[in-house]
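Structure assessment
Each chain, letter by letter, is given below.
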Amino acid sequence: MAAVAAAAAAGPVFWRRLLGLLPGRPGLAALLGRLSDRLGRNRDRQRRRSPWLLLAPLLSPAVPQVTSPPCCLCPEGVHRFQWIRNLVPEFGVSSSHIRVLSSPAEFFELMKVDCLESTLEKSLQAKFPSNLKVSILLDFTRGSRGRKNSRTMLLPLLRRFPEQVRVSLFHTPHLRGLLRLLIPERFNETIGLQHIKVYLFDNSVILSGANLSDSYFTNRQDRYVFLQDCAEIADFFTELVDAVGDVSLQLQGDDTVQVVDGMVHPYKGDRAEYCKAANKRVMDVINSARTRQQMLHAQTFHSNSLLTQEDAAAAGDRRPAPDTWIYPLIQMKPFEIQIDEIVTETLLTEAERGAKVYLTTGYFNLTQAYMDLVLGTRAEYQILLASPEVNGFFGAKGVAGAIPAAYVHIERQFYSEVCSLGQQERVQLQEYWRRGWTFHAKGLWLYLAGSSLPCLTLIGSPNFGYRSVHRDLEAQIAIVTENQALQQQLHQEQEQLYLRSGVVSSATFEQPSRQVKLWVKMVTPLIKNFF
C-alpha cells in the first residue's frame, strides 16, 4: 500500500485516483508511477503530440530511435529508471564513492581490518565510553551445521563482550514441526535461508554474493561493489540488518537462543502471525527510508529556499553532485515482500530491441517468469553460468554430487527451448570455466540500445532462481549511473567474467561431462525448486 501511495504522490490527480483503487498491487503501482513520470517529463510537448503516442513505449512493439545519450538526465535529475523509487528509497551519490572489485584477492584486502577482538578490547580500555557495536546476522541452519560452525566460532566473542556484540540467527518460519525433525543438516537449508551478503563498516558498505569462508577470498569468483562514505546507504542497511535481527533468534553466551521480547517465535509460534510481524518490521525500514529520501529529493530539486551548489560549497558542504543512483532491492517472499522480483521482471519486460542484457548466475535455474521474459522480449541476452567443473557442488559426496548434472539438465532444456523458438542469435548461453576455481557470480548489466557501456547493474545475493524468489531472504542493489568512468568499471567487470567463458552450442551437450544419468533427469523436476 505504501508503494501505491508513493507512486500516486508523484503523479497527476488522475493517477492518484486510479492507484487509490488498487490496494496491494505494488507492481502495477510501479508501472503506473513510471508512466506518470513519463507524462510529467513531457508536459511541455503534450500539445504537439497525440495522447496515444505517450503510451506507445508501454503498449507498442515498435521501438523509437535512440537519438540522445544513454541514461541522460533532464534538468530535474530524472532518469529512465526513476520509477524504481516508487518502491524503495533512492540514494543519489557521486560515482567517486563507488568502486567495483574484480577478484577474491581484492575482496580479501578490502575486508582485512584490525582483529575484531583487539578492536573491542581497545574500546573497553578507552578513557571515554565507547559506542562500538558489532551486529552479526547469520542463517540458523547454515550457521549451526556441524560441530564446528559459525556459532561456536562467535561464542567466545559474545561471552567476552556481551554488551557490544549481537549475534542473530534467522530461522525460516517454513521449517517447523515434523519437517524440522526429519530433515537432516545441510538438506534443511533448502527450505529457506538468510542469504543476504552485506558488510557494513561505519559509513561504508560492501554488497556482494560472497560469503566469508576461505574459498571466497582465494579461488571462488563472485562480484563485489564497495560504497565508500555513503552514510545514508549504510544507515539503511544497518536498519535492515537490525530489523531482520529482531525477528531472528538471539544467540546467548551458553549457546542457547532466545526470541526478542514481544516477538513471535519463528518455528514454534503461529506462522502467519510471525510473518505478519516480520513484514511490518522490515517494511517500516523500507518505507521510512523511502519517505526520507523523497523529502530530500523534493527539497533538493523543488525548494526555492535551498542554497545553490555554489552557496553550499562556500558554506563547507563540498560533496559532489550525484551522478549515480542506488536502489536497494529486497526480496523476502516468506514475509510477502517481493520488491526485487517486481523490479527485475519490469527491467526484463522493458528491455527494448537493440538493448543488451548480460545476466550471470552461478546456479542456472531461472524461475518460469524470468525464462518467459527472456524468451519473449526483444533485447539481446548473454547468459553466463557455471560449467559443471566450476559448480560449487562438483565432486561433492552423496546426492549433492549429482547437483551439477541437474543444472546441466536444466541448462539443456532451456537451450532446447531457445532453439525451438529460433532465438539462438538473440539469446546466447556461455559457460564459465577456470582451472582450480569455482563460480558464484550473479547479477546483470544493462546496455541501452546504441550504447557500448552499461548504465545499470544489479549486484547482490539473488541467483534469479526459485529459491531466491520464493524461499530465501535476499538483497541486492540497482546501480544506475550516467558517469562514464563508473560505466567503464562495470563494463570491464562484465568483460573479465565473460572472457573466461565458452559459447554453448548443441555440441556442448555431446561432451562426456554433460551426460546426465536417467535418474537425475527424473528427479530434477521434483527438486529443482529447492536448489
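Residues numbered from 1 in each chain as written. Predicted model: local features only at pLDDT ≥ 70, side-chain atom pairs only at ≥ 80, totals over all residues. Heavy atoms only, no water.

**A closer look at the packing of aromatic side chains**
The final tally for this structure, using the stated rule, is 17 aromatic pairs. Centroid distance Tyr-415 to Phe-509: 5.7 Å. Interplanar angle 45°. Geometry classified as tilted. With Tyr-415 in helix H15 (residues 403–420) and Phe-509 in the loop between strand S20 (501–503) and helix H18 (518–527), this pair connects stretches of sequence that are 94 residues apart. Summarising the burial analysis for this pair, Tyr-415 and Phe-509 share the class buried. What links up through ring pairs into an aromatic cluster is the set Phe-107, Phe-108, Tyr-199, Phe-217 and Tyr-224. When the ring centre of Phe-81 is taken as reference, the NZ or CZ atom of Arg-80 above it lies at 5.9 Å. If you follow Arg-434 out to its NZ or CZ, it ends over the ring of Trp-437, 3.6 Å from the centre. (Phe/Tyr/Trp six-rings, centres within 6.5 Å; stacked < 30°, edge-to-face > 60°. Helix = DSSP H or I, 4+ residues; strand = E, 2+ residues; numbered from the N terminus. Buried < 20%, exposed > 50% of the residue type's maximum accessible area, 1.4 Å probe, protein only. Lys NZ or Arg CZ within 6 Å of the ring centre and 35° of its normal.)

**Here's the deal with the sheet that holds strand S5 (residues 198–201)**
Spatial ordering of the open sheet is given by S2-S8-S6-S5, a layout of four strands whose pairing is antiparallel. Every interior strand has two partners, whereas the edge strands, strand S2 (98–101) and S5, have only one. Going across the sheet, the axis of each strand differs from the next one's by a mean of 15°, ignoring polarity. Relative to strand S6 (residues 204–208), S5 is paired through four bridges, and the arrangement is antiparallel. Counterpart to Phe-201 in the pairing with S6 is Ser-204. The strands touched by helix H5 (residues 104–111) are S2, S5, S6 and strand S8 (224–227); relative to S2, the strand with the most contacts, the crossing angle is about 135°. (Pairing = 2+ DSSP bridges. Axes fitted to C-alpha atoms, helices over the stretch in contact; angles between N-to-C directions. Contact = heavy atoms within 4.5 Å.)

**Focus on the pattern of salt bridges**
Any two side chains of opposite charge can pair if their charged atoms end up close together. Per the stated rule, a full pass over the model turns up 15 salt bridges. Arg-223 is the salt-bridge partner of Glu-493, the closest N and O atoms lying 2.8 Å from each other. Pair noted here: Glu-493 is in helix H17 (residues 484–498) and Arg-223 is in the loop between strand S7 (220–221) and S8, with a separation of 270 residues, a long-range link. No difference in accessibility class separates Glu-493 from Arg-223, as the two residues are buried. Among the charged side chains, a salt-bridge network with shared partners connects Arg-142, Arg-145 and Glu-189. (Salt bridge = Lys/Arg side-chain N within 4 Å of Asp/Glu carboxyl O.)

**Examining a nonpolar patch on the surface**
A surface patch of nonpolar side chains, about 390 Å² in accessible area, is lined by Leu-178, Leu-181 and Leu-182. Residue placement: Leu-181 occurs in helix H9 (residues 177–182). Taking relative accessible area as the criterion, Leu-181 reaches 68% and is therefore assigned exposed. (Patch = residues over 30% accessible without salt bridge, like charges linked within 9 Å, V, L, I, M, F, W, Y side chains within 5 Å. Areas by Shrake-Rupley, 256 points an atom, 1.4 Å probe, with all protein chains shown as cover.)

**Overview of empty space enclosed by the protein**
What the rule picks out here adds up to five cavities of 30 Å³ or more. When its volume is computed, the largest cavity comes out at roughly 70 Å³. The wall of the largest cavity is formed by Gly-362, Tyr-363, Phe-364, Leu-385, Ala-386, Ser-387, Pro-388, Asn-391, Pro-404, Tyr-407, Val-408 and Glu-411. By residue number, the principal contributor to the lining of the largest cavity is H15, which donates four residues. Its residues placed into classes, the lining of the largest cavity shows eight nonpolar, three polar and one charged. (1 Å grid on protein atoms, 1.4 Å probe; cavity = no way out; pocket = protein on both sides within 12 Å on 5 of 7 lines; lining within 4 Å. Points joined across faces, edges and corners; volume = space filled by probe spheres on them. Nonpolar A, V, L, I, M, F, W, Y, C, P; charged D, E, K, R; others polar.)

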